[in-house]
Amino acid sequence: MADFHRIKRLPPYVFEQVNKIKAAERAKGVDIVDLGMGNPDLPAPKHVIEKLVETAGKPRTDRYSASKGIGGLRRAQANYYERRFGVKLNPDTQVVATLGSKEGFANMAQAITGPGDVVLVPNPSYPIHAFGFLMAGGVIRSVPAEPTPAFFPALERAMIHSVPKPIALVTCYPANPTAYTASLDFYRDLVAFAKKHELILLSDLAYAEVYFDENDPPPSMLQVPGAMDVTVEFTSMSKTFSMAGWRMGFAVGNERLLAALARVKSYLDYGAYTPIQVAAAAALNGPDDCIREMREIYRKRRDALVESFGKAGWEFPAPAASMFAWVPIPEKFRHLGSLEFSKLLIEKAEVAVAPGIGFGEHGDDFVRIAIVENEQRIRQAARNIGRFLKGADHTLHNVIQMPKAG
């Protein structure tokens, strides 16, 4: 049977290759320290779980829910945006609840993309930022991921040399996988650029609350005057409240774009389970001490990661935000490419990381390290890697040098 059209447009899922090796090693009894997937290991807040338990199992709440989110949840998200960013949202027209930010992104792509439409996507970037549009029939043009002065000339070149003219630009700050952060001044320039070129801006703000400088919290693009005219922003409960498996997120911003998203979703789902939505509203309306505790745990883990890996001979700067470090592959291994190097770390150091190539070809000199294990396990990973690095010249004689993935 021939491959299906949309499946043929998708490249092999790089992370699956790493996962297979990881599973094989664990099946042999090897203790793998898994710093690969950004899967929070912290518990959801107690008051959120209590609200879920209180609401579940009742005839009224076990029925189909609302595709765009129950009113109380949308109001809670609007209140959060006003408290956190000073941005006022109409919960009826400017907030849509999604089954995590990933689903929201994918269905927004379905809503706005026509066959052959060009979308500007950072490279490297989280896979759904590109693949959502590929599955919707669009075409991806890569732009830089880092918000430096070189960003806008690159955007201008992309606009000039793309046929047809791009319809949208994706951003993600704090960034997955790179942990780059953006300033409000950068967003001001971006909104002006989008209006000049009639671009839709799709901002992934899933890591809004995972930052380490209390005096410099990540801004929302919607804080820029006029951004609402061209922007939809996606947030998630996954990292902020350690509710990854609950699949609860939001799209907020431009009314016309959100109406299109809501219409697509109305054909595809009945929304999240109502008790999950009620509990998510309790999280957004509740005390924020659990958010501060989450930040402090990740800050300590980040510090342990940078310090212990540095002592092991693998130095890199401390990320300012997100739950990731974007780490250059040590020079002597760079010729292998990130996939082969990641496999090597599992087999020789019993540590799993995410290969940079999985986030785009411009990520192949890097790996992404997630701080999803406790400090003790992170230091154990560093010791393992230290031994591997010291003995690499003796243990790599049987490793075939692979060309970089391209």
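Analysis parameters
- Residues numbered from 1 in each chain as written.
- Predicted model: local features only at pLDDT ≥ 70, side-chain atom pairs only at ≥ 80, totals over all residues.
- Heavy atoms only, no water.
- UniProt positions renumbered as here; feature names shortened; annotations may be inferred.
- Helix = DSSP H or I, 4+ residues; strand = E, 2+ residues; numbered from the N terminus.
- 1 Å grid on protein atoms, 1.4 Å probe; cavity = no way out; pocket = protein on both sides within 12 Å on 5 of 7 lines; lining within 4 Å.
- Points joined across faces, edges and corners; volume = space filled by probe spheres on them.
- Nonpolar A, V, L, I, M, F, W, Y, C, P; charged D, E, K, R; others polar.
- Buried < 20%, exposed > 50% of the residue type's maximum accessible area, 1.4 Å probe, protein only.
- Polar contact = N/O pair within 3.5 Å; in protein donor to acceptor, adjacent residues only side chain to side chain.
- Contact = heavy atoms within 4.5 Å.
- Pairing = 2+ DSSP bridges.
- Axes fitted to C-alpha atoms, helices over the stretch in contact; angles between N-to-C directions.
- Phe/Tyr/Trp six-rings, centres within 6.5 Å; stacked < 30°, edge-to-face > 60°.
- Lys NZ or Arg CZ within 6 Å of the ring centre and 35° of its normal.

## Things to note about the UniProt feature "domain: Aminotransferase class I/classII large" (unreviewed entry) in the protein chain
Residues annotated in UniProt with the feature "domain: Aminotransferase class I/classII large" (unreviewed entry) correspond here to residues 31-384. Secondary structure across residues 31-384 divides into 42% helix and 14% strand, with the first and last C-alpha atoms of the span separated by 11 Å.

## Observations regarding the layout of surface pockets
Reported here for the largest pocket is a volume of approximately 840 Å³. Considering the residues around the largest pocket, the lining is formed by 38 residues, among which Tyr-13, Met-37, Gly-38, Lys-102 and Tyr-126 are closest to the centre. Broken down by class, the residue content of the lining of the largest pocket amounts to 21 nonpolar, ten polar and seven charged. Pro-11, Phe-131, Ile-357, Gly-360 and Glu-361 are the residues nearest the centre of the second largest pocket, which is lined by 23 residues in total. At the level of elements, α2 (14-27), β3 (118-122), α6 (127-135) and β4 (139-143) are the ones that each hand at least two residues to the lining of the second largest pocket. In terms of residue class, the lining of the second largest pocket is built from 16 nonpolar, six polar and one charged.

## Thoughts on the side chain of Asn-107
Here Asn-107 is to be found in helix α5 (residues 100-112). Given the relative accessible area of 10%, Asn-107 is considered buried. A distance of 2.5 Å separates polar atoms of two side chains, one belonging to Asn-107 and the other to Glu-103. In this view, Asn-107 contacts Leu-261, Val-264, Lys-265 and Leu-268; residues no more than four positions away in its chain are not counted.

## Some details on empty space enclosed by the protein
Going through the model one piece at a time under the given rule, you end up with three cavities of 30 Å³ or more. When its volume is computed, the largest cavity comes out at roughly 90 Å³. In terms of lining, the largest cavity is formed by 13 residues, of which the most central are Tyr-80, Thr-235, Ser-236, Thr-240 and Leu-284. Among the elements of the structure, α4 (71-85), β7 (231-236) and α9 (237-240) are those that each provide at least two residues to the lining of the largest cavity. In terms of residue class, the lining of the largest cavity is built from eight nonpolar, four polar and one charged.

## What about the sheet that holds strand β9 (residues 324-328)?
Judged by pairing direction, the sheet is antiparallel, and its three strands sit side by side in the order β9-β12-β11 without closing on themselves. Strands with a single pairing partner mark the edges of an open sheet, and in this sheet they are β9 and β11 (354-355). Sheet topology places β11 next to strand β12 (residues 366-370); two bridges connect them, and they run antiparallel. Looking at the pairing, Ala-354 lines up with Arg-368 of β12.

## A short note on the sheet that holds strand β8 (residues 249-253)
Strand pairing within a sheet occurs via backbone hydrogen bonds; the two strands may be parallel or antiparallel. Here seven strands make up an open sheet; going across it, the order is β2-β8-β7-β6-β5-β3-β4 and the pairing mixed. Looking at the sheet topology across the chains shown, the edges are occupied by β2 (95-98) and β4. Taken over all neighbouring pairs, the strand axes of this sheet differ in orientation by 20° on average, direction set aside. In this structure, strand β6 (residues 200-204) lies alongside β7, joined through four bridges in parallel fashion. By the bridge assignment, Leu-201 is partnered in β7 with Thr-231. Docked against the sheet, helix α7 (residues 151-161) engages β3, β4 and β5 (168-172), running at close to 150° with respect to β4.

## Considering the packing of aromatic side chains
When we look at a pair of aromatic rings, we describe it by the centre distance and by the angle of the planes. One pass over the full model with this rule turns up 20 aromatic pairs. Ring centres 5.8 Å apart and planes at 85° place the aromatic pair Tyr-80 and Tyr-81 in the edge-to-face group. With a relative accessible area of 12%, Tyr-80 lands in the buried category. The buried category is assigned to Tyr-81, whose relative accessible area is 0%. A ring pair is formed by Phe-333 and Phe-341, whose centres lie 5.4 Å apart and whose planes are at 40°; its orientation type is tilted. Of the two residues, Phe-333 and Phe-341, neither departs from the other in class, the shared state being buried. Pairwise contacts between aromatic rings join Phe-151, Phe-152, Tyr-173, Phe-186, Tyr-187 and Phe-193 into one cluster. Note that Arg-368 overlies the ring of Phe-324, its terminal NZ or CZ placed 4.0 Å from the centroid.

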